Amino acid sequence: MVLKPRDWMGLLFGVGSGTVAAEVRKQVSRERSGSPHSSRRCSSSLGVPLTEVIEPLDFEDVLLSRPPDAEPGPLRDLVEFPADDLELLLQPRECRTTEPGIPEDGKLDAQVRAALEMYTEDWIIAHRRYQHLSAAYSPITLETQRERQKGLTRQVFEQDASGDERSSPDDSDDPRHSSGSPDDTPRSSGASGIFDLRNLAADSLLPSLLERVAPEDVDRRNEALRRQHRSRALLTLYPAPDEDEAVERCSRPEPPREHFGQRILVKCLSLKFEIEIEPIFGILALYDVREKKKISENFYFDLNSDSMKGLLRAHGTHPAISTLARSAIFSVTYPSPDIFLVIKLEKVLQQGDISECCEPYMVMKEVDTAKNKEKLEKLRLAAEQFCTRLGRYRMPFAWTAVHLANIVSSAGQSDRDSDSEGERRPTWTDRRRRGPQDRTSSGDDACSFSGFRPATLTVTNFFKQEAERLSDEDLFKFLADMRRPTSLLRRLRPVTAQLKIDISPAPENPHFCLSPELLHVKPYPDPRGRPTKEILEFPAREVYAPHTSYRNLLYVYPHSLNFSSRQGSVRNLAVRVQYMAGEDPSQALPVIFGKSSCSEFTREAFTPVVYHNKSPEFYEEFKLRLPACVTENHHLLFTFYHVSCQPRPGTALETPVGFTWIPLLQHGHLRTGPFCLPVSVDQPPPSYSVLTPDVALPGMRWVDGHKGVFSVELTAVSSVHPQDPYLDKFFTLVHVLEEGAFPFRLKDAVLSESTVEQELRASLVALRLASPEPLVAFSHHVLDKLVRLVVRPPIIGGQIVNLGRVAFEAMAHVVSLVHRSLEAAQDARGHCPLLAAYVYYAFRLPGTEPSLPGRAPPVTLQPATLAHGPGRPASLYLARSKSISSSNPDLAVAPGSVDDEVSRILASKMLPLIRVSPGYRPLTLLGEFCLCSRRQQGGAATGTPLLWGRPQTAASRGAGPAVGGQRQCRARGCPAACLVLLPAHGEKHGAAPASGPEAGHTPQASLPWALPG
């Protein structure tokens, strides 16, 4: 609808459009001439004071008072959404790595397939073409108004200029601009006192003023003149609204991405000792003393020279390029002044305890090389022998720690002070960009790891490892003493060494970077370049972020071993870890990540050896890549060896002295957490992998009377396994229903089709008991499954199970929990970015996905509005005990009876030529049905198709001749292919007379069927 200028004036002032312009001119003229009486008379004649603000119309109230059908013609489009507003777009999902990193295993279970589908499918976006016209998405700010006003010409009218503004010193000499007396002015108007009309130059003549011109040409010319210099924005001169008074602010959410904290780049440059006699290997990790938690995985680096690496040539293969990394990127979500970068050093196992092996490094100096030449040659010869014989084993050597707060505080504080020029209120754009990593306390803000200047450190204060203090608990005590030096730290003996490292904020897109799964992160210019590894973070506290990529990692942490009661020569103990797909030794899978200067994946790994210690403690971390499909036979096998450091004739290098294992699946769920396992002296018997070592198998000998002597902990970082009992149960039941794998064992119970519905309802109710962190992490999976249960109810035993209400309640709880968990990350309007991103990108209603190859063209959707709606979907299942609501404005007709609803469902989905007689009660369908188009009623044959049924008996299972792949019915007047309808057991068909099967219709066979979901 296009309004003329006079119509706009009528709407603004609330008077008729024919007289308002003249009245306004008169009133303004009288006010300028100083006649209060005439102004009062004009105001009373208009009826509405010009200074009174008119409230705008309520758009919703107008729509409710004027239905769309009552508005004919083109004005009806003003109250309707545009027909082409909505469209489905397929946006490619952004992948950080050059390769997708999905498993290549052929056989995958339903849970893994669903995860892969979730993490690899492109985004489906419901795009609105006219969204940019809304002030909610394109806010009108002072900056935008100024930008729009740049092309406007400044117009000055006579009434807009005051007397002082009109006169100027330059204009006093101009006779045309001199002010005349009021008597010289022909009328009392705004022109008086501005210009001397007698001295003004004449206007140009209009030669065609009196010519006859067709009205159409005049209108066309006027329209062309009106379009000249017209502003594109209608309300360009209107002042921008206050930001705090905005009714609504919406923005396009950011796509779901992998969570990262503040990232630190650590480069290991060099490692030097006073003497160089053997290879030394390093480990880096972050520890939070306040939380008493290790907050990153290990990074292994090798700074040895080529001559030192050559000593291990007999035990090593060609090293993979990924194991040659010397720089790492650490992520810290919650910065704290109590975070330390811990550096541990290891060396090749040799005869003697740690103190004896560290003695040469503590007493010999580089300046005394010539003096101690013979001793050094002897030490090098012994080190070469140990590397040749024991090169696959390591022993603890030394450690130190770097307090990160001391590095970033001095440089970072000056940067922060220079950046802050004054306090200002954050704008709406700044507030909506806040992420989970910004949720830190005020104390943590003072220790930000994102804005400090790079620093190069030379660490010299290494400490000798204590054989009895290798646990993390002892390490946290030492780290606490490093902030406040006490006698405990002074008792440690120093080792002279120089480690040069460079610490700096990580760049946004570093080159030659590897993900924690060893995938190439974009950009990766040359595969032959030395890589930088991204180190996986173990956040100190909960991080509420959804999984967006496939990740399936398992970390194994052996803590301690107690062989004090074990008889025999069992002192130099090493623990071998293997991931077994079966019980045969050849079934060890190469899924253990290599450390430094070795192959990328190995089939076995060993813990460091503490010399002559029968109850050693361990600090080792084993990183494993879990297979996509974990079965009941997959388990971790721990083999305990006694390593003979001194070569003796007839003595093996390693002797197995114990065995234990951990089955990785329990009731279909991944097992994680701490374990205290008994150790068997004998090798495990056949079929041991399906049992736990807690079961006392007959004929086996156990260390310390089958008590737990080996402490180990498993931690999984997986986007496939939720590791929450309530989420595990929910996903398991949903996937069992999708595959129809009955009977199914769930813990100690065997579920059948008759009991799975009750378990599924219980699991939906129990979702409120799930832990918030895994629930948010798997929120996309959970919401997708809940939506599918609502719109496509499952079919159990041929009967559609109505789970809409309980699934909707579970969905509401999940959304509420996610909203509350991310309360600190909400924008200024209280919008949750995680939920907004899910709705905009990840949500896909079943059946609306564009299934076209390549880049699918947009699919246009018709929105359901007050005027035209799609009606109730035909697949909606309604229980007989529930009343049908008539409050849906999109329904074209008033809802009828339940029989009519069932008839419409059957007619639209399965039986287009069948209708249900209104006199019959609907059947509860189990799995088979029968159709007969003719049956006897009172001796007369009716041609109306009627549904009827009876419980199937053994006598009705006779086989007839096959017709078209179905069975033939021998009833009189029945079509050749007749299907069999079976009601629920114990339920009789309402008014079905005995003239059905008893009248000659005998179903000969049945065909299974099910209503589609």
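Refer to the preceding data block for the structure.
Figured I'd write up the structure that's included with this text. Here the residue index of a chain counts from 1 through its sequence in written order. The predicted nature of this model means local features are confined to residues of pLDDT at least 70 and side-chain atom pairs, given and counted, to a pLDDT of 80 or more, with totals for whole chains, interfaces and linings taken over all residues. Side-chain measures were taken over the full set of non-hydrogen atoms in the model, leaving aside hydrogen atoms and water.

**Quick notes on the pattern of salt bridges**
Then comes step 1: Definition used for salt bridges: Asp or Glu carboxyl oxygen within 4 Å of a side-chain nitrogen of Lys or Arg. In total, this model carries 30 salt bridges according to the counting rule given.
Then comes step 2: With a closest N to O distance of 3.1 Å, R290 and D338 form a salt bridge. Here R290 is found in the loop between β4 (280–288) and β5 (293–294), whereas its partner D338 is found in the loop between β7 (327–332) and β8 (339–348), with 48 residues between them in sequence.
Then comes step 3: For every residue, the accessible area (1.4 Å probe, protein chains only) is compared with the maximum for its type, and the residue is labelled buried under 20%, exposed over 50%, or partly exposed between those bounds. Residue D338 is classed as buried on the basis of its relative accessible area of 10%.
Then comes step 4: Note that R805 is salt-bridged to E809, the shortest N-O span being 3.5 Å. On the criterion of helical spacing, the pair formed by R805 and E809 is a turn pair, its members being 4 residues apart in helix α21 (residues 804–821).
Then comes step 5: The exposed category is assigned to R805, whose relative accessible area is 63%. Under the DSSP-based scheme used, a helix requires at least four consecutive residues in state H or I and a strand at least two consecutive residues in state E, with every element numbered from the N terminus.

**A look at the sheet that holds strand β16 (residues 573–580)**
What links the strands of a sheet is backbone hydrogen bonding, and the strands pair in either a parallel or an antiparallel sense.
Then comes step 1: If you trace the 4 strands from one edge of the open sheet to the other, you get β19-β16-β21-β22, paired in antiparallel fashion. Every other strand in the sheet has two partners, leaving β19 (605–606) and β22 (654–663) as the edge strands with one partner each.
Then comes step 2: Where β16 lies against β19, 2 bridges are found, and the strand directions are antiparallel. Bridging across to β19, R576 finds its partner in F606. Here, any two strands with at least 2 DSSP bridges between them count as paired.

**Remarks on helix α5 (residues 110–120)**
Then comes step 1: Of all 11 residues in α5, 8 are buried; the element is thus mostly enclosed.
Then comes step 2: For α5, the set of buried residues is A110, Q111, V112, A114, A115, L116, M118 and Y119.

**Observations regarding the side chain of T732**
Then comes step 1: Counting through the fold element by element, T732 comes out in helix α17 (residues 725–739).
Then comes step 2: Throughout this description, a polar contact denotes any pair of N or O atoms lying within 3.5 Å of each other; where both atoms belong to protein, one of them has to be capable of donating a hydrogen while the other can accept it, and for residues adjacent in sequence the pair is counted only when both atoms sit in side chains. Looking at T732, its side chain comes within polar contact range of the main-chain oxygen of D728, at 2.7 Å.

**Things to note about the pairing of strand β11 (residues 494–505)**
Then comes step 1: Judged from the 9 bridges that link them, strand β3 (residues 262–273) and β11 form a sheet pairing that is antiparallel. Bridge pairing links C268 to I501 in β11.

**Digging into helix α8 (residues 215–227)**
Then comes step 1: Here the expected span of a helix is defined as 1.5 Å times the quantity of residues minus one. Taking 1.5 Å of rise per residue, the 13 residues of α8 would be expected to cover 18 Å, and the 18 Å separating its terminal C-alpha atoms lies within 8% of that figure.
Then comes step 2: One or two residues past the end of α8 sits H229, with phi positive at roughly 55 degrees.

**Regarding the environment of G699**
Then comes step 1: Examined against the element boundaries, G699 turns out to sit in the loop between β25 (673–678) and β26 (708–718).
Then comes step 2: As a C-alpha pair, G699 and D682 span 17 residues in sequence and 9.1 Å in three-dimensional space.

**Focus: the pairing of strand β15 (residues 552–561)**
Then comes step 1: For β15, the tally of buried residues reaches 8 of 10 residues, placing the bulk of the element in the interior.
Then comes step 2: Pairing geometry for β15 and β26, over 9 bridges, is antiparallel. What sits directly across from S560, in β26, is S711.
Then comes step 3: Relative to strand β20 (residues 622–625), β15 runs antiparallel, the two being bridged by 4 bridges. Bridge pairing in β20 places L554 opposite L624.

**Side note on a nonpolar patch on the surface**
Then comes step 1: Only residues whose relative accessible area exceeds 30% and that take part in no salt bridge are eligible for patches, with like-charged residues grouped when within 9 Å of each other and nonpolar side chains (Val, Leu, Ile, Met, Phe, Trp, Tyr) grouped when within 5 Å. Every accessible area reported is derived by Shrake-Rupley at a probe size of 1.4 Å, with residue values counting cover from the shown protein chains alone. A surface patch of nonpolar side chains, about 300 Å² in accessible area, is lined by V790, V791, F808 and L845.
Then comes step 2: Inspection of the secondary structure assignment puts V791 in helix α20 (residues 779–791).

**Examining the packing of aromatic side chains**
Then comes step 1: In summary, the pairing rule links any two rings of Phe, Tyr or Trp, Trp by its six-membered ring, whose centres are within 6.5 Å, and it sorts them by plane angle into stacked for under 30 degrees, edge-to-face for over 60 and tilted for everything else. Applying the stated criterion to the full structure yields 22 aromatic pairs.
Then comes step 2: Residues W399 and F463 carry aromatic rings whose centres are separated by 5.4 Å and whose planes lie at 40 degrees to one another, so their mutual orientation is tilted. Of this pair, W399 sits in strand β9 (residues 394–403) while F463 sits in strand β10 (residues 455–464); the two residues are 64 residues apart in sequence, bridging distant segments of the chain.
Then comes step 3: What makes W399 buried here is its relative accessible area of 3%.
Then comes step 4: Measuring from ring centre to ring centre gives 5.5 Å for F512 and Y524, while their planes differ by 75 degrees; the resulting arrangement is edge-to-face.

**Considerations on a positive patch on the surface**
Then comes step 1: Asp and Glu are treated as the negative residues and Lys and Arg as the positive ones, with His and the ends of the chain left uncounted. Charge placement uses NZ in Lys and CZ in Arg. For Asp and Glu, CG and CD serve respectively. Together, K292, R469, K477 and R491 make up a positively charged patch on the protein surface.
Then comes step 2: Relative to the helices and strands, R491 is located in the loop between α16 (487–490) and β11.
Then comes step 3: You can call R491 exposed: its relative accessible area is 54%.

**Comments concerning the environment of L88**
Then comes step 1: Looking at where L88 falls in the secondary structure, it is placed in strand β1 (residues 86–91).
Then comes step 2: Classification of L88 by relative accessible area gives buried; the value is 7%.
Then comes step 3: Separated by 38 residues in the primary sequence, L88 and A126 place their C-alpha atoms 4.8 Å from one another.

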